[in-house]
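This is what each chain is made of:
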Amino acid sequence: ALGFAPQVFSAVLIANADLNGDGIKEQIYNTGSTITVKNRQGATEKIYYVGGTWAMVGIADVDGNPGAEVIARTYGDLVVITHRQRQVYPYPVSVLSGLWTVATIDQFDGAAGNEVAIADALISAGRSSYIFIHHKTRTIRQHHFAAAGNFGALAFNDFDGIAGKEVAMSTGALHHVAILHPRTLVPHYYYVGVIQQLISVSNLDGVAGNELRVMSNTGVIFTINDRKRTVTF
């Protein structure tokens, strides 16, 4: 899971991954308040301070350059370690949300490198939000939804046929599926009543972009074509 949990304060091998793009995997260790990167011979290359309490999020390419980044979180920050540059980049997510969870690391903007998607579980000022960390450009982008609701992700996929994935969400009592486009931070809303379950995400019309099918609590199956901006049943 990508949620928050304290790490044990001992030297523990987290993973082996190519962090500098040379095709050779480095050894990545949890060393208490730090992350230590060693070469394959076991020699320390760099020790990175993360925080007194932190949790591992993942290892992925988030800047579009050769080599993966190490991604962790503290209570307040998302932390990206770019070992190729020997740098730690903290992103202060807590100033945007008091209660946040990393939802996924995926390709949302169509450019090289993945983004980190963060769900804001604290509804403040009557609204919830989604946050995207674009490490390639060192930016944070946030979308506040227009109304409060028990928002929950249904799927991360390409729904419009344009490079980069979208986030499909149930809006709970609002009775809509919202498909948020991270490139523009614009959501499209589709009325489906009370969602009982997600049926499928697949290409039903042979045109780029997948369709989303959900079933309401009355047994009606709705098909959402975001490329056409339609919902049918």
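Structure shown above.
Residues numbered from 1 in each chain as written. Predicted model: local features only at pLDDT ≥ 70, side-chain atom pairs only at ≥ 80, totals over all residues. Heavy atoms only, no water.

### With respect to the overall build of the protein
- Of regular secondary structure, the protein possesses 0 helices and 20 strands.
- Here the C-alpha atoms of the protein give a radius of gyration of 20 Å, agreeing with the 17 Å that 2.2 N^0.38 yields for 233 residues.
- In terms of overall dimensions, the protein has a C-alpha envelope of 60 × 40 × 30 Å along the principal axes.
- Sorting the 233 residues of the protein into buried and exposed places 44% on the buried side.
- Considering only contacts within the protein whose residues lie at least 6 apart along the sequence, 34% involve residues at least 24 apart.
- Of the accessible surface of the protein, which amounts to about 10,400 Å², a share of 54% is contributed by carbon and sulfur atoms.
- Positive and negative side-chain charges of the protein, numbering 17 and 18 respectively, have mean locations separated by a distance of 2 Å. (Helix = DSSP H or I, 4+ residues; strand = E, 2+ residues; numbered from the N terminus. Rg over C-alpha atoms; globule rule 2.2 N^0.38 Å. Buried < 20%, exposed > 50% of the residue type's maximum accessible area, 1.4 Å probe, protein only. Contact = heavy atoms within 4.5 Å. Areas by Shrake-Rupley, 256 points an atom, 1.4 Å probe, with all protein chains shown as cover. Lys, Arg positive; Asp, Glu negative; His and termini not counted. Charge placed at Lys NZ, Arg CZ, Asp CG, Glu CD.)

### A short note on the sheet that holds strand S14 (residues 166–170)
- An order of S13-S14-S15-S16 is seen for the 4 strands of this open sheet, with the pairing classed as antiparallel. The strands lining the two open edges of the sheet, one partner per strand, are strand S13 (152–157) and strand S16 (186–191). Neighbouring strand axes in the sheet, compared pairwise and without regard to direction, differ in orientation by 20 degrees on average.
- The pairing of strand S15 (residues 176–181) with S16 spans 6 bridges and is classified as antiparallel. Opposite His-181, over in S16, you have Val-186 as the bridge partner. (Pairing = 2+ DSSP bridges. Axes fitted to C-alpha atoms, helices over the stretch in contact; angles between N-to-C directions.)

### Digging into the packing of aromatic side chains
- Within the structure shown, the criterion is met by 4 aromatic pairs.
- Look at Tyr-130 and Phe-132: their rings are 5.9 Å apart centre to centre, the planes differ by 40 degrees, and that puts the pair in the tilted class. Judged on exposure class, the residue Tyr-130 and its partner Phe-132 are both buried.
- Put simply, the rings of Phe-108, Tyr-130, Phe-132 and Phe-156 pair up and form one aromatic cluster.
- Lying over the aromatic face of Tyr-29, Lys-38 brings its terminal NZ or CZ to 4.8 Å of the ring centre.
- For Arg-138, the ring lying beneath its charged end belongs to Tyr-89, and the centroid distance is 4.2 Å. (Phe/Tyr/Trp six-rings, centres within 6.5 Å; stacked < 30°, edge-to-face > 60°. Lys NZ or Arg CZ within 6 Å of the ring centre and 35° of its normal.)

### Digging into the environment of Asn-210
- For Asn-210, the location among the structural elements is in the loop between strand S17 (195–202) and strand S18 (211–216).
- Taking C-alpha positions, Asn-210 is 8.2 Å from Asp-226, a pair spaced 16 residues apart along the chain.
- Beyond its immediate chain neighbours, meaning those up to four positions away, Asn-210 contacts Asn-157, Asp-158, Phe-159, Val-201, Ser-202 and Asn-203.
- Among the polar contacts listed, one links the side chain of Asn-210 to the backbone nitrogen of Asn-203, at a separation of 3.2 Å. (Polar contact = N/O pair within 3.5 Å; in protein donor to acceptor, adjacent residues only side chain to side chain.)

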